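As a plain string of letters, each chain reads:
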Amino acid sequence: MRVLCTVTGSSSHARALLPLVSALAAAGHAVLVAVPPPFVPGFAGRQVRVAGVMADLHAFMARRFRGGGAAGSGPPGEGAVEFFAGPHLADSCAALLPAARDFGPDLLVRDGGELAGCLVAEVLGIPHVAAPSVGSAVADLERLARRAL
């Protein structure tokens, strides 16, 4: 089986997927992990391919709020919506889709707050599974859905 794993958010999300990624590779599955460029070294020495194609959310948020705004300003929860479904989402989708098509995955496993993988899996017509992460537990999922639609 060919499994594409997508991670964004923080390095803790990447570390949370490491046991699953390692187990998939050890079982003989081909694994491609798509992450923001700063997370690439965290997968060094694993028997997986790594692509640093996902948007760096921390860099995006730093640029976004550099102008005096704050992640907590605006309507309640708007910072989380911006973090998970801001304009960087289109950048991640645009970078991920060619890598995914080239890899030809049968399944996509994404960290719980990562939405580009979800969208790419839908385009490719493959199943996708969200691994638990704090982002999916604290985000206002209804607001995220309204923004995405």
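This text gives an overview of the structure that appears in the document.

Remarks on the overall build of the protein
Broken down by element type, the protein carries 7 helices and 5 strands. N-terminal to C-terminal, the α/β element order of the protein is β-α-β-β-α-α-α-β-α-β-α-α. Going through the 149 residues of the protein one by one, you find that 46% of them count as buried. When contacts within the protein are restricted to residue pairs at least 6 apart in sequence, long-range pairs at least 24 apart make up 58% of them. Accessible surface computed for the protein: about 7,300 Å², of which carbon and sulfur atoms make up 60%.

Considerations on the nonpolar core
With 18 residues, the main nonpolar core has Cys5, Val21, Val31, Val33 and Phe43 as its most contacted residues. The set of elements that each furnish at least two residues to this core consists of β1 (2-6), α1 (11-26), β2 (30-34) and β4 (107-111). In terms of residue count, the dominant contributor to this core is α1 (6 residues). Sequence-distant contacts of Cys5, that is, excluding residues within four places in its chain, are made with Val21, Val31, Leu32, Val33, Ala34 and Val109.

Focus: the pairing of β1
Along a regular strand, successive side chains alternate from one face of the sheet to the other. β1 sits mainly inside the fold: 4 of its 5 residues count as buried. Across 5 bridges, β1 lies against β2 in parallel orientation. Within β2, the residue paired with Thr6 across the bridge is Ala34. For the segment spanning β1, α1 and β2, crossover handedness is right-handed. In the sheet, β1 pairs with β4 via 4 bridges, with the strands oriented parallel. By the bridge assignment, Thr6 is partnered in β4 with Arg110.

Regarding the packing of aromatic side chains
The relative placement of two aromatic rings is captured by the distance of their centres and the angle of their planes. Going through the model one piece at a time under the given rule, you end up with 0 aromatic pairs. The ring of Phe103 carries Arg2 above its face, with NZ or CZ at 4.2 Å from the centroid.

Considerations on the sheet that holds strand β3 (residues 49-51)
Taken in spatial order, the 5 strands make up an open sheet running β3-β2-β1-β4-β5, and their pairing is parallel. Each edge of the sheet is formed by a strand with only one pairing partner; in this case those strands are β3 and β5 (128-131). Sheet twist, expressed as the average angle between the axes of neighbouring strands with direction ignored, equals 20°. The pairing of β4 with β5 spans 4 bridges and is classified as parallel. The residue of β5 that forms the bridge with Arg110 is Ala130. Contacting β1, β2 and β3, helix α4 (residues 88-103) runs over the sheet at an angle of about 165° to β1.

Thoughts on the environment of Val40
Looking at where Val40 falls in the secondary structure, it is placed in the loop between β2 and β3. Separated by 13 residues in the primary sequence, Val40 and Val53 have C-alpha atoms spaced 9.6 Å apart. Ignoring any residue separated from it by four or fewer positions in sequence, one finds Val40 in contact with Val35, Val50 and Gly52.

What to know about the packing of α4 against helix α5 (residues 116-124)
The description of two packed helices rests on the angle between their axes and on the distance between the axes. α5 packs onto α4 with a crossing angle of 45° between their chain directions and a minimal axis gap of 9 Å. In terms of axis orientation, α4 runs oblique to α5. Handedness of the crossing formed by α4 with α5: right-handed. Between α4, through Leu89, Ser92, Cys93, Leu96, Leu97, Ala100 and Arg101, and α5, the contact on the second element is made entirely by Ala116, Gly117, Leu119, Val120, Val123 and Leu124. Across the contact of α4 with α5, the residue classes break down as 10 nonpolar, 2 polar and 1 charged.

Reading guide: rules and limits
- Residues numbered from 1 in each chain as written.
- Predicted model: local features only at pLDDT ≥ 70, side-chain atom pairs only at ≥ 80, totals over all residues.
- Heavy atoms only, no water.
- Helix = DSSP H or I, 4+ residues; strand = E, 2+ residues; numbered from the N terminus.
- Buried < 20%, exposed > 50% of the residue type's maximum accessible area, 1.4 Å probe, protein only.
- Contact = heavy atoms within 4.5 Å.
- Areas by Shrake-Rupley, 256 points an atom, 1.4 Å probe, with all protein chains shown as cover.
- Core = buried A, V, L, I, M, F, W, Y, C linked by side-chain atoms within 4.5 Å.
- Pairing = 2+ DSSP bridges.
- Right-handed = clockwise from strand over helix to strand, strands pointing away.
- Phe/Tyr/Trp six-rings, centres within 6.5 Å; stacked < 30°, edge-to-face > 60°.
- Lys NZ or Arg CZ within 6 Å of the ring centre and 35° of its normal.
- Axes fitted to C-alpha atoms, helices over the stretch in contact; angles between N-to-C directions.
- Parallel < 35°, antiparallel > 145°, perpendicular 65-115°, else oblique.
- Left-handed = near helix turned anticlockwise from the far one by under 90°.
- Nonpolar A, V, L, I, M, F, W, Y, C, P; charged D, E, K, R; others polar.

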